[in-house]
Amino acid sequence: MACGAMDLPKRSVAFLWPIVIFLIAFNLNLSNVHAQQSCSNPNGKTGECISIYDCSSLVNSLKNLSRSAQQTKFIQESQCGFSSPPFVCCTTDIDYAENSNELLPVGTQCGPQSIGNKIYNGNDTNIDEYPWMVLLEYRNKNGQLILNCGGSLINKRYVITAAHCIKGQIETEVGPLTRIRLGEYNINEEIDCIADDCNNKVVEVGFEQLIPHPQYDVRNGNNHHDIALIRLARDVEYSDFIRPVCLPLTDTRSAPINPGELLVVAGWGRTLEARQSNVKKQLAIPVTDHDSCVRKYATKKVNLISSQLCAGGEFAKDSCDGDSGGPLMRQSHMKRWFLEGIVSFGNRCGLEGWPGVYTRVVDYIPWIKQTVKP
């Protein structure tokens with residue numbers, strides 16, 4: 001990488017008892033919050049962060065001793081702080097079934113923020129940062145394993161990447177895809193440690209199916225519809241270092257992206273010093289006005305369409321070789337990361353005035369929903 005009421009009776013001991021059990025069982029976050037803060041519940045619906053006593057829907061569910069494990073999990077993940085009494089994200093209704101199969105995780109199930117500090121301008125990420133990022137491994141004609149493209153985990157069974165990472169020239173110039181590496185940080189180390197913080201051993205998984213977008217054409221130099229899904233050979237287990245990214249679904253996405261807004265691209269691609277970075281790097285780059293980008297690439301006889309997003313254009317600050325298929329990300333007001341773009345192509349790397357081109361993920365949500373299976 002170049003440098004989402006009714007009044008309650010008086011709180012008696014009998015009424016408090018299930019809440020006490022709830023607090024002990026699930027170890028709620030003890031951070032202080034303020035009433036009436038906007039929040040998102042586990043289904044991504046917008047609500048208010050208020051006392052649990054003022055949220056009749058969750059209180060009634062909590063008092064139900066025959067509630068399901070799914071309902072208990074929903075209550076647990078609705079917490080938005082602790083201020084004696086506990087605060088929860090309260091909405092007018094709760095739909096446990098909306099995301100029961102977790103095909104496309106939302107809310108607290110995806111896009112977690114690293115506990116470390118953010119440092120941009122092409123610097124190394126934290127060891128637990130962007131845990132949805134994966135590396136694709138290929139086997140060349142000499143039998144050597146080569147890491148090339150990237151991708152993002154969107155649930156326990158699917159990775160999203162660029163179509164050109166699984167189809168076309170990469171098959172002949174690099175080799176066939178063999179497996180996907182998850183939980184990676186430093187590609188030269190089996191176990192990565194920064195100070196006393198160490199991750200787990202990298203997880204290597206084969207694939208069951210490669211699914212390029214049906215309108216992607218390897219012969220079309222415009223790289224329209226450069227997006228693909230990889231169905232893994234098995235479900236992966238989530239950890240601090242393997243988690244899914246949030247997708248920009250209609251109910252959970254923030255406001256539309258504006259020119260000049262900074263998004264984050266990350267990967268193990270080419271840097272100014274080396275062909276490939278050993279460690280995962282990140283870079284904040286500005287979104288480019290679409291019409292201006294269209295005119296710029298037209299000078300190279302490249303026709304961009306609305307489902308392509310441009311970002312970057314600053315000298316030596318760009319995604320580059322090896323970053324293809326990787327994420328262009330946006331952090332929401334709830335500190336969750338959303339996948340807004342997929343690294344597609346550009347005019348070389350880090351050229352002044354030449355932004356990189358990304359596949360705009362929000363335009364492909366219907367296709368993703370239709371394609372992803374349990």
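Residues numbered from 1 in each chain as written. Predicted model: local features only at pLDDT ≥ 70, side-chain atom pairs only at ≥ 80, totals over all residues. Heavy atoms only, no water.

- Labelled according to an unreviewed UniProt entry, the chain appears under the name CLIP domain-containing serine protease, originating from Musca domestica.
- In its Sequence similarities (unreviewed entry) section, UniProt records this for the chain: "Belongs to the peptidase S1 family. CLIP subfamily."
- In the Subcellular location (unreviewed entry) part of its UniProt record, the chain is described as follows: "Secreted". (UniProt positions renumbered as here; feature names shortened; annotations may be inferred.)

## Points about the state of the cysteines
Working step 1: Applying the stated criterion across every chain, the model contains six disulfides.
Working step 2: Bridging Cys 110 to Cys 246, the disulfide has an S-S length of 2.0 Å. Here Cys 110 and Cys 246 share a disulfide; its torsion about the S-S bond, 95°, makes the bridge right-handed. Taken together, the residues Cys 110 in the loop between strand 4 (86–90) and strand 5 (133–139) and Cys 246 in the loop between strand 13 (228–232) and strand 14 (262–267) connect sequence positions 136 residues apart. A single burial state applies to Cys 110 and to Cys 246, both of which are buried.
Working step 3: Through a disulfide, Cys 293 is tied to Cys 310; the S-S separation comes to 2.0 Å. In this structure, the disulfide formed by Cys 293 and Cys 310 twists by about -80° around the S-S bond and is classed as left-handed. Of this pair, Cys 293 sits in helix 5 (residues 290–298) while Cys 310 sits in strand 16 (residues 308–312), placing them 17 residues apart in sequence. (Disulfide = S-S within 2.5 Å. Helix = DSSP H or I, 4+ residues; strand = E, 2+ residues; numbered from the N terminus. Buried < 20%, exposed > 50% of the residue type's maximum accessible area, 1.4 Å probe, protein only.)

## Some remarks on the sheet that holds strand 16
Working step 1: Strand order in the open sheet formed by six strands is 15-14-17-18-19-16, with antiparallel pairing between adjacent strands. Bordering the open sheet on either side are strand 15 (281–286) and strand 16, each of which pairs with just one other strand. Going across the sheet, the axis of each strand differs from the next one's by a mean of 40°, ignoring polarity.
Working step 2: Here strand 14 pairs with strand 15 via six bridges, running antiparallel. Residue pairing for strand 15: Leu 263 is matched across the bridge by Ile 285.
Working step 3: Its contacts with the sheet put helix 5 on strand 16, strand 18 (337–345) and strand 19 (355–360), and the angle it makes with strand 19 is roughly 115°. (Pairing = 2+ DSSP bridges. Axes fitted to C-alpha atoms, helices over the stretch in contact; angles between N-to-C directions. Contact = heavy atoms within 4.5 Å.)

## As for unusual backbone geometry
Working step 1: The backbone of Asn 223 shows a phi angle near 55°, a positive value even though the residue is not glycine.
Working step 2: Structurally, the position occupied by Asn 223 is in the loop between strand 12 (207–212) and strand 13.
Working step 3: On the basis of relative accessible area, Asn 223 is assigned to the buried category, the value being 16%.
Working step 4: One non-glycine residue, His 225, lies in the positive phi region at around 60°.
Working step 5: Within the element layout of this structure, His 225 appears in the loop between strand 12 and strand 13.

## Considering the nonpolar core
Across soluble globular proteins, nonpolar side chains show a tendency to be buried alongside one another.
Working step 1: Core analysis: the biggest nonpolar cluster contains 54 residues, and Leu 136, Leu 153, Ile 154, Leu 247 and Ile 368 have the highest contact counts within it.
Working step 2: Only strand 5, strand 6 (145–153), strand 7 (158–161), strand 8 (177–182), strand 13, strand 14, strand 18 and helix 6 (365–371) provide two or more residues apiece to this core.
Working step 3: Counting residues per element, this core draws most heavily on strand 5, at five residues.
Working step 4: With residues up to four places along the chain from it excluded, the contact list for Leu 153 reads Trp 132, Val 134, Tyr 158, Val 159, Leu 182, Leu 232, Val 236, Tyr 238, Ile 242, Arg 243, Pro 244 and Val 245. (Core = buried A, V, L, I, M, F, W, Y, C linked by side-chain atoms within 4.5 Å.)

## Observations concerning the environment of Tyr 238
Working step 1: Here Tyr 238 is to be found in the loop between strand 13 and strand 14.
Working step 2: Sequence spacing of Tyr 238 and Asn 155 is 83 residues, and the spatial spacing of their C-alpha atoms is 9.4 Å.
Working step 3: With near-sequence residues (within four places) excluded, Tyr 238 lies in contact with Pro 105, Leu 153, Asn 155, Lys 156, Arg 243 and Pro 244.
Working step 4: There is a polar contact of 3.2 Å between the side chain of Tyr 238 and the backbone nitrogen of Lys 156. (Polar contact = N/O pair within 3.5 Å; in protein donor to acceptor, adjacent residues only side chain to side chain.)

## Examining the pairing of strand 5
Working step 1: Counting buried positions along strand 5 gives six out of seven residues, so the element sits mostly inside the fold.
Working step 2: Relative to strand 6, strand 5 runs antiparallel, the two sharing six bridges. The residue bridging Val 134 from the neighbouring strand is Gly 151, located in strand 6.
Working step 3: Note: strand 5 against strand 8, five bridges, orientation antiparallel. Across the sheet, the residue bridging to Tyr 138 is Leu 177, located in strand 8.

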